[in-house]
Amino acid sequence: MVAVFRNQAGLKDLGVQKDMAAALKHAEALILAVPHEQYLNLEPEQIVKWAGGPLAVIDCFGILSDEKIRRYFELGCEVKALGRGHIHRIKEQVRGRAK
């Protein structure tokens, strides 16, 4: 079987950043795609500080607790997560639009 991928030319320029603060500098989004221990304890305040302001947070693996999701919203971030349909209710509560 042969796998064919398009638009791969730029991948050779990608690198791994071991310093989370440096990796998030001026970031517009944080994608949590693997449940590694170092990602489980990230604090929303620190993430937003490193990024330099609110960002989009995408949780692909159910890493974030409701409390952390709420805090990201309080800090002005957008949060999306797979299989977590109640996030919209948390956002409405934080932004003062709860019914």
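Residues numbered from 1 in each chain as written. Predicted model: local features only at pLDDT ≥ 70, side-chain atom pairs only at ≥ 80, totals over all residues. Heavy atoms only, no water.

S.K.: What exactly am I supposed to notice about the overall build of the chain here?
M.R.: Each helix and strand counted, the chain has 5 helices and 3 strands in total. The order of helices and strands in the chain, counted from the N terminus, is α-β-α-α-β-α-β-α. Per-residue burial over the chain gives 27% buried out of 99 residues. Intrachain contacts of the chain at a sequence separation of at least 6 include 47% that bridge at least 24 residues. About 7,200 Å² of surface is accessible on the chain, with carbon and sulfur atoms providing 54% of the total. Considering the chain, the positive charge centre built from 15 side chains and the negative charge centre built from 12 side chains are found 5 Å apart. (Helix = DSSP H or I, 4+ residues; strand = E, 2+ residues; numbered from the N terminus. Buried < 20%, exposed > 50% of the residue type's maximum accessible area, 1.4 Å probe, protein only. Contact = heavy atoms within 4.5 Å. Areas by Shrake-Rupley, 256 points an atom, 1.4 Å probe, with all protein chains shown as cover. Lys, Arg positive; Asp, Glu negative; His and termini not counted. Charge placed at Lys NZ, Arg CZ, Asp CG, Glu CD.)

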